[in-house]
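Each chain, letter by letter, is given below.
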Amino acid sequence: MKIAVAGTGYVGLSVALLLAQHHEVHALDIVPEKVEMLNAGTSPIVDKEITAFLEANTPGGRPLDFHATLDARQAYTGADYAVIATPTNYDEQRNYFDTSSVEAAIAAVRQYSPNAWIVIKSTIPVGYTKQLRETLHDGRILFSPEFLREGHALYDNLHPSRIVVGAPQDDSEAVGAARAFVRLLAEGAAQGEASRHNPDGTVGIPELVVGTTEAEAIKLFSNTYLALRVAYFNELDTYAELRNLDTRAIIDGVCLDPRIGPGYNNPSFGYGGYCLPKDTKQLLANYAAVPQNLIEAIVEANRTRKDFVADEILERVRGAEKPVVGIYRLTMKSGSDNFRQSAIQDVMKRLLAEGATLLVYEPTLDAADFNGNEVTRDLAAFKQRADVIVANRWNDELADVAGKVFTRDLFKRD
Ligand SMILES: NC(=O)c1ccc[n+]([C@@H]2O[C@H](COP(=O)([O-])OP(=O)(O)OC[C@H]3O[C@@H](n4cnc5c(N)ncnc54)[C@H](O)[C@@H]3O)[C@@H](O)[C@H]2O)c1
């Protein structure tokens, strides 16, 4: 089978490599450097499994049938499926996702492949696929939410929590194409996943074929729940800090209830990264004319948390003459090279508004400044010059200056 993938970011690349184990996959991007790197067997993103797949080229002993290209004709002509994994940034002016790259990719697919089943993997507003199918008079468009974590993109596709594909439930051809796509994703999963035991007693990868609008809602409600959980433990931490209580002891005690459970409870400067901030805002926009309190509060809670974190940092340098606030990493997670929408950047804006001088340590950034702030890659000089060191995530290389470090990473994990 020939499968085309539009976009070779976290989502597109991991899905393309997963499917290339058993099928001919052509991954299209508009950035020549990415395509060159991929065809040379190098990953443009930090991801253990993606790197290993590209380097070995024969995971599980089978050669990958993977081709990166800038050529839409080559990618789309004769494709059975075209997976769309292009960006959907949040447009702050329109208060909605900017879906223009998805529409551009769909137009390009249709130019060369009138009959391919198009599967949108980008995160889109609730109701988008139905509307698109109607306005384009195109019944061969499906939606499949992607649940991967950055840094574990291919791992999460090899070991999926669930596979969900949306198709209009009254269209048997579309439902059949959706089921076939579920099987393609399941076929690429790691050995043993088909017989794994899930916590709810079921065996194998949970598979769902639902309506396109339900599938879109599954994605946005999942991410908004994750944002809620981060915001909840962050707000617990704000309370404990201001009341001089031991946050860690409280979280440990709270999470022993199996209904609450451990994990995903480590305080931070706020939820961030590419997806949670934009997906919560998009869900809130989808709630227009629907009563709600919670969704809005989840968006607001993140702002309040960053205000609190900035105030705490400023408190530590109050009274010092021309204090330097050291920003240890711009990234959201440890082991990452990606700082799209990281919470620290919003904290930095608040610190700058209060007149603070910032010094950034970010070894993956090859630039002398970041948004007008000095950047250094010299860790020793950074430690020496900073009066306080702000770290969303702890790293043992800060151990010798632990007294200067401000972090809320209490469990030393993401
Ligand atoms: N990153 C995540 O953790 C994650 C998880 C689930 C869902 N998503 C969603 O998936 C989508 C993609 O996210 P990502 O993180 O992979 O993005 P990304 O920015 O890492 O990659 C997108 C790629 O698409 C390319 N592109 C843009 N327009 C194109 C076009 N017309 N044709 C071909 N390629 C094009 C870009 O050059 C880029 O390489 C977004 O909607 C995002 O919300 C992301």
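Residues numbered from 1 in each chain as written. Predicted model: local features only at pLDDT ≥ 70, side-chain atom pairs only at ≥ 80, totals over all residues. Heavy atoms only, no water.

As recorded in an unreviewed UniProt entry, the protein chain goes by the name UDP-glucose 6-dehydrogenase, listed as coming from Bifidobacterium panos. Regarding the protein chain, the UniProt comment filed under Sequence similarities (unreviewed entry) reads as follows: "Belongs to the UDP-glucose/GDP-mannose dehydrogenase family." Within the UniProt record for the protein chain, the comment given under Catalytic activity (unreviewed entry) is "UDP-alpha-D-glucose + 2 NAD(+) + H2O = UDP-alpha-D-glucuronate + 2 NADH + 3 H(+)". (UniProt positions renumbered as here; feature names shortened; annotations may be inferred.)

**Section: the nonpolar core**
Of all hydrophobic cores here, the largest spans 43 residues; its most connected members are Leu 17 and Phe 66. Of all the elements, helix H8 (residues 172-188) adds the most residues to this core, at eight residues. Ignoring any residue separated from it by four or fewer positions in sequence, one finds Leu 17 in contact with Ile 50, Phe 53, Leu 54, Leu 64, Phe 66 and Leu 154. (Core = buried A, V, L, I, M, F, W, Y, C linked by side-chain atoms within 4.5 Å. Buried < 20%, exposed > 50% of the residue type's maximum accessible area, 1.4 Å probe, protein only. Helix = DSSP H or I, 4+ residues; strand = E, 2+ residues; numbered from the N terminus. Contact = heavy atoms within 4.5 Å.)

**Some thoughts on the pairing of strand S10 (residues 207-210)**
In the sheet, strand S9 (residues 163-166) pairs with S10 via four bridges, with the strands oriented parallel. When the sheet's bridge partners are listed, Val 164 is paired in S10 with Leu 208. Viewed along the sheet, the connection from S9 through H8 into S10 turns out right-handed. (Pairing = 2+ DSSP bridges. Right-handed = clockwise from strand over helix to strand, strands pointing away.)

**Notes on the site of the ligand**
Around the ligand, 25 residues are found, and the nearest of them are Asp 29, Lys 34, Thr 88, Glu 150 and Lys 278. In the environment of the ligand, an oxygen atom lies 3.0 Å from a nitrogen or oxygen atom belonging to the backbone of Val 11. Between the ligand and Asp 29 there is a distance of 2.6 Å, counted from an oxygen atom to a side-chain nitrogen or oxygen. Burial of the ligand by the surrounding chains reaches 91%, relative to a free accessible area of 840 Å². Split into classes, the residues belonging to the shell around the ligand amount to ten nonpolar, eight polar and seven charged. Two domains each put at least three residues into the shell around the ligand: domain 1 (2-210) and domain 2 (221-406). (Near = heavy atom within 4 Å. Polar contact = N/O pair within 3.5 Å; in protein donor to acceptor, adjacent residues only side chain to side chain. Areas by Shrake-Rupley, 256 points an atom, 1.4 Å probe, with all protein chains shown as cover. Nonpolar A, V, L, I, M, F, W, Y, C, P; charged D, E, K, R; others polar. Domains from an automatic or database assignment.)

**Examining the packing of helix H9 (residues 212-242) against helix H10 (residues 247-255)**
Contact pair H9 / H10: the axes reach a minimum separation of 9 Å and the direction vectors enclose 135°. Put simply, H9 runs oblique to H10. The way H9 lies across H10 gives a crossing that is right-handed. Counted together, Arg 229, Phe 233, Leu 236, Asp 237 and Ala 240 of H9 and Thr 247, Ile 250, Ile 251, Val 254 and Cys 255 of H10 form the full contact between these two elements. (Axes fitted to C-alpha atoms, helices over the stretch in contact; angles between N-to-C directions. Parallel < 35°, antiparallel > 145°, perpendicular 65-115°, else oblique. Left-handed = near helix turned anticlockwise from the far one by under 90°.)

**Thoughts on the domain arrangement of the protein chain**
Size of an interface, as often reported, equals the accessible area lost when the parts are brought together. By domain assignment, the protein chain separates into domain 1 (2-210) and domain 2 (221-406). Taken over C-alpha atoms, the centre of domain 1 sits 31 Å from the centre of domain 2. Taken together, the 17 residues of domain 1 in the interface contact 14 residues of domain 2. Summed over both partners, the interface of domain 1 with domain 2 buries about 1,300 Å², with 45% contributed by carbon and sulfur atoms. Of all residues in domain 1, the largest losses of buried area upon contact with domain 2 belong to Val 46, Tyr 90 and Glu 150, amounting jointly to 35% of the total for that side. A salt bridge links Lys 281 to Glu 92, with the shortest nitrogen-to-oxygen separation between them at 3.1 Å. On the surface where domain 1 and domain 2 come into contact, there are eleven residue pairs in polar contact (both at pLDDT 80 or more). Grouping the constituent residues of the side of domain 1 that touches domain 2 by class yields nine nonpolar, four polar and four charged. (Buried area = accessible area lost by both parts, 1.4 Å probe. Salt bridge = Lys/Arg side-chain N within 4 Å of Asp/Glu carboxyl O.)

**Quick notes on the pattern of salt bridges**
Overall, the coordinates contain 27 salt bridges when judged by the stated rule. Residues joined in a network through salt bridges with shared partners are Asp 237, Glu 241, Arg 305 and Arg 408.

**Some remarks on H9**
The end-to-end C-alpha distance of H9, which contains 31 residues, comes to 45 Å, matching closely the 45 Å that a straight helix rising 1.5 Å per residue would cover. Positive phi shows up at Asn 244, right after H9, with a value of about 60°. (Expected span 1.5 Å × (residues − 1).)

**Description of the packing of aromatic side chains**
Applying the stated criterion across every chain yields a total of eight aromatic pairs. Between Tyr 81 and Phe 181 the ring centres are 5.4 Å apart and the planes differ by 40°, which places this aromatic pair in the tilted class. Of the two residues, Tyr 81 sits in strand S4 (residues 81-84) while Phe 181 sits in helix H8, which places them 100 residues apart along the sequence. With a relative accessible area of 5%, Tyr 81 lands in the buried category. Here the aromatic rings of Phe 339 and Phe 370 are separated by 5.8 Å at their centres, their planes lie at 90°, and the arrangement is edge-to-face. Placement of Phe 339 in the loop between strand S11 (324-328) and helix H13 (343-353) and of Phe 370 in strand S13 (residues 369-370) is noted, with a sequence separation of 31 residues between them. (Phe/Tyr/Trp six-rings, centres within 6.5 Å; stacked < 30°, edge-to-face > 60°.)

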